[in-house]
Amino acid sequence: MSAAQAAATPAAADAIPWRVVPPLLSTALTMLGAGVLGSLLPLRFSAMGLSPGMIGLIATAEALGFLAGCLYAHRIIAPVGLERAYAAFAGMKAVAILSLTFATSAPALALFRFMIGLNAAGLAIIVESWLNALVPNEQRGRVLTLYVLTYGLFYGAGQLVGQNLNVRDSEFLIVAGICTTLALVPMVGIDVRAPALPGRVKLEILKALRTSPASVLACLMNGLILTGFYTVGPLFGLALGFDQQHVVYSMACVSLGGLFLQWPIGYISDKVDRLHALIGLGLGVLAIAAGLVTIDRKTPFVLIGLMFAVFGGLAESLYAVGVAHANDRADKTDYVALSSTLLFTWALGAAIGPTTGTYAMELISPSAFFGYVIVLMVAFTLFAVWRLNRRKFDRIVEQREEFLTYPQTSPEIYAWLPYHRESPVAVPAAEPSEGTATAPATAGADPASATDGDSAPAAPAAGGSA
């Protein structure tokens, strides 16, 4: 090999393959459609005369659909393969979105939102399986960053697209349905042998609680607070007298703040004790929520947008730092199973948050949601302080890893984290024990994601985001 070839080889090996573009483009299109729905569906339901509490119940149906998709989508994928399953999930999600045009009763609206959540989880599982197969281990950190940016930026862009669309008409539903259908096109262009089907890992709630109860509670708080606010926020804006454009702008601030503030917060959490970081986040959310209780129609919109962005960034980072803290305290063989368990803890909170928040708003006052947040954050912060004081009795030794942020999409995301460097040893998969809750979590041609029946593949700590 010539000197020029030797010099060029590392750079070529280090370059991210162009083949990651199709799944990233597909993700961009699906998130563009999801963003259009994110702020406008609560406004549409309100215009239909539904109460805030009923709107929260309908949003809960989508969260339950997401949870069901993460748990059971592999049963749809396995018989037909990833390509056909992706077409089925994208097609059914588009149908569910467009069917909202004709639905007028709460049960029908809840059914279609359940279908949206279920199919969204299936799409995420397949895209993340493909990305896992497309990149070598040493490139996954950068591809993960691109995936997170694509996921968050296009969701925020979708919210902005909807600022002038009529919520009483079907045009915004058509736009979201078109985006979801178009997501099929780039996936046809993937030039790679189909990756292995998603595997399954155990959900170990009790083990997660023994490893880091503060992390479990942080992920639960993220679901209870931030997912609830994505439903409550547009209704809160209406109560303040915002027009549709200002509602969309304010909710885009929440999404983009949640995306971009995670990196500086993650950097700080790498430099300090992560339990201290969790306590700081709890106090920060508490302070912003206390400020949001006091805002009214006279509050400048710029100040409200800034507070919403900080609120989104701090609340979103509860999940990110919580997962990183749990993985700091776990064995490497438990990383994927632990992170998947924390994802489902978040999903349970996401199923409860919209209903609780909207009923607090309906029964008490528009600002009651932030009172609900204050109660949760006081409880969380006090618990985290108590855990800090108990640390001297805790014999777990933390081995810190560099912070990474990733969206709350599916357990599959944890199977392609970039840290595992050792030569993997393939272990034949064993059937999980009877009665064990399982979820798809491992895929890809990379041997590092091989699992056995009792433990998850070695993959290290990271933070999380959506």
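Residues numbered from 1 in each chain as written. Predicted model: local features only at pLDDT ≥ 70, side-chain atom pairs only at ≥ 80, totals over all residues. Heavy atoms only, no water.

## Topic: the overall build of the protein
Line of reasoning, step 1. When its secondary structure is counted, the protein shows 16 helices and 2 strands.
Line of reasoning, step 2. Taken across its 466 residues, the protein has 59% of its residues classed as buried.
Line of reasoning, step 3. In the protein, the proportion of contacts linking residues at least 24 apart, taken out of those at least 6 apart, comes to 88%.
Line of reasoning, step 4. Carbon and sulfur atoms make up 65% of the accessible area of the protein, which totals about 18200 Å². (Helix = DSSP H or I, 4+ residues; strand = E, 2+ residues; numbered from the N terminus. Buried < 20%, exposed > 50% of the residue type's maximum accessible area, 1.4 Å probe, protein only. Contact = heavy atoms within 4.5 Å. Areas by Shrake-Rupley, 256 points an atom, 1.4 Å probe, with all protein chains shown as cover.)

## What to know about the packing of helix H10 (residues 213-239) against helix H14 (residues 301-328)
Line of reasoning, step 1. One can describe the packing of H10 onto H14 by two numbers: an axis separation of 8 Å at closest approach and a directional angle of 155°. By the criterion of interaxial angle, the relationship of H10 to H14 is roughly antiparallel. Read as a crossing pair, H10 and H14 show a hand that is left-handed. Of the residues in H14, those touching H10 at Ser-215, Ala-218, Cys-219, Met-221, Asn-222, Ile-225, Leu-226, Phe-229 and Phe-236 are Phe-308, Phe-311, Gly-312, Ala-315, Glu-316, Leu-318, Tyr-319, Gly-322, Val-323, His-325 and Ala-326.
Line of reasoning, step 2. In the contact of H10 with H14, the residues fall into 14 nonpolar, 5 polar and 1 charged. (Axes fitted to C-alpha atoms, helices over the stretch in contact; angles between N-to-C directions. Parallel < 35°, antiparallel > 145°, perpendicular 65-115°, else oblique. Left-handed = near helix turned anticlockwise from the far one by under 90°. Nonpolar A, V, L, I, M, F, W, Y, C, P; charged D, E, K, R; others polar.)

## Details of the pattern of salt bridges
Line of reasoning, step 1. This structure, assessed with the given rule, holds 3 salt bridges.
Line of reasoning, step 2. One salt bridge connects Glu-62 with Arg-113, and the closest N-O pair in it is separated by 2.7 Å. With Glu-62 in helix H3 (residues 52-80) and Arg-113 in helix H5 (residues 106-134), this pair connects stretches of sequence that are 51 residues apart.
Line of reasoning, step 3. Take Glu-62: its relative accessible area is 23%, and that puts it in the partly exposed class.
Line of reasoning, step 4. Looking at Arg-113, the relative accessible area reads 11%, which means it is buried.
Line of reasoning, step 5. When the shortest N-O distance is used, the salt bridge between Asp-270 and Arg-274 registers 3.1 Å.
Line of reasoning, step 6. Of the residues examined, Asp-270 reaches a relative accessible area of 24% and is grouped as partly exposed. (Salt bridge = Lys/Arg side-chain N within 4 Å of Asp/Glu carboxyl O.)

## Some thoughts on the side chain of Ser-26
Line of reasoning, step 1. Among the structural elements, Ser-26 can be located in helix H2 (residues 21-47).
Line of reasoning, step 2. You can call Ser-26 buried: its relative accessible area is 0%.
Line of reasoning, step 3. Those residues in contact with Ser-26, other than ones at most four positions away along the chain, are Tyr-86, Ala-183, Pro-186 and Met-187.

## So, the environment of Asn-164
Line of reasoning, step 1. Summarising the element assignment, Asn-164 is placed in the loop between helix H6 (140-161) and helix H7 (171-182).
Line of reasoning, step 2. When its relative accessible area of 61% is taken as the criterion, Asn-164 is described as exposed.
Line of reasoning, step 3. Through-space distance from the C-alpha of Asn-164 to that of Gln-245 is 6.6 Å; in sequence the pair is 81 residues apart.
Line of reasoning, step 4. When near neighbours in sequence (up to four residues on either side) are disregarded, Asn-164 contacts Glu-171, Gln-244 and Gln-245.

## With respect to helix H12 (residues 262-271)
Line of reasoning, step 1. Within H12 the residues assigned to the buried category are Gln-262, Ile-265, Gly-266 and Ser-269. Take H12 and look down its axis: the buried residues cluster within an arc of 100°, on one side only. Away from its buried face, by an angle of more than 90 degrees, H12 presents the exposed residues Tyr-267 and Lys-271. (Arc of directions from axis to C-beta.)

## Focus: the packing of H5 against H6
Line of reasoning, step 1. It is the contact of H5 with H6, at a shortest axis distance of 11 Å, that shows an interaxial angle of 150°. Put simply, H5 runs roughly antiparallel to H6. Crossing angle aside, the handedness with which H5 passes H6 is right-handed. Counted together, Val-127, Glu-128, Leu-131 and Asn-132 of H5 and Arg-140, Val-143 and Tyr-147 of H6 form the full contact between these two elements.

## Here we look at the nonpolar core
Line of reasoning, step 1. With 70 residues, the main nonpolar core has Phe-172, Phe-311 and Val-373 as its most contacted residues.
Line of reasoning, step 2. If one sorts the elements of this core by residue count, H10 sits on top with 11 residues.
Line of reasoning, step 3. The residues contacting Phe-311, other than those within four sequence positions of it, are Ile-225, Leu-226, Phe-229, Val-285, Ile-288, Leu-292, Phe-369 and Val-373. (Core = buried A, V, L, I, M, F, W, Y, C linked by side-chain atoms within 4.5 Å.)

## Regarding the environment of Ala-320
Line of reasoning, step 1. Of note, Ala-320 is situated in helix H14.
Line of reasoning, step 2. Assessed through its relative accessible area of 0%, Ala-320 is described here as buried.
Line of reasoning, step 3. As a C-alpha pair, Ala-320 and Asn-222 span 98 residues in sequence and 9.4 Å in three-dimensional space.

## Quick word on the packing of aromatic side chains
Line of reasoning, step 1. A complete count under the given rule lists 13 aromatic pairs for this structure.
Line of reasoning, step 2. Between Phe-383 and Trp-386 the ring centres are 5.7 Å apart and the planes differ by 40°, which places this aromatic pair in the tilted class. Of this pair, Phe-383 and Trp-386 are both found in helix H16 (residues 368-390), 3 residues apart, which corresponds to roughly one turn of the helix.
Line of reasoning, step 3. The exposure class assigned to Phe-383 is partly exposed, which follows from its relative accessible area of 25%.
Line of reasoning, step 4. An aromatic cluster of at least three residues, connected via ring pairs, comprises Phe-229, Phe-236, Phe-308, Phe-311, Phe-369, Phe-370 and Tyr-372. (Phe/Tyr/Trp six-rings, centres within 6.5 Å; stacked < 30°, edge-to-face > 60°.)

## Some thoughts on a nonpolar patch on the surface
Line of reasoning, step 1. Taken together, the side chains of Leu-98, Ile-174, Ile-178, Leu-182 and Val-185 define a hydrophobic patch exposed on the protein surface, amounting to about 410 Å² of accessible area.
Line of reasoning, step 2. Looking at which element gives the most residues to the nonpolar patch, the answer is H7, with 3 residues.
Line of reasoning, step 3. Along the chain, Leu-182 falls in helix H7.
Line of reasoning, step 4. For Leu-182, a relative accessible area of 41% translates into the label partly exposed. (Patch = residues over 30% accessible without salt bridge, like charges linked within 9 Å, V, L, I, M, F, W, Y side chains within 5 Å.)

## Section: the confidence of the model for the protein
Line of reasoning, step 1. Predicted confidence across the protein gives a mean pLDDT of 81, with 80% of residues reaching 70 or more.
Line of reasoning, step 2. Scored below 50 in pLDDT, residues 1-12 shows 2 contacts in the model against residues more than four places distant or in partner chains.
Line of reasoning, step 3. Per-residue pLDDT stays below 50 along residues 420-466; that stretch engages in 147 contacts with residues further than four places along the chain or on separate chains. (pLDDT = per-residue confidence, 0-100.)

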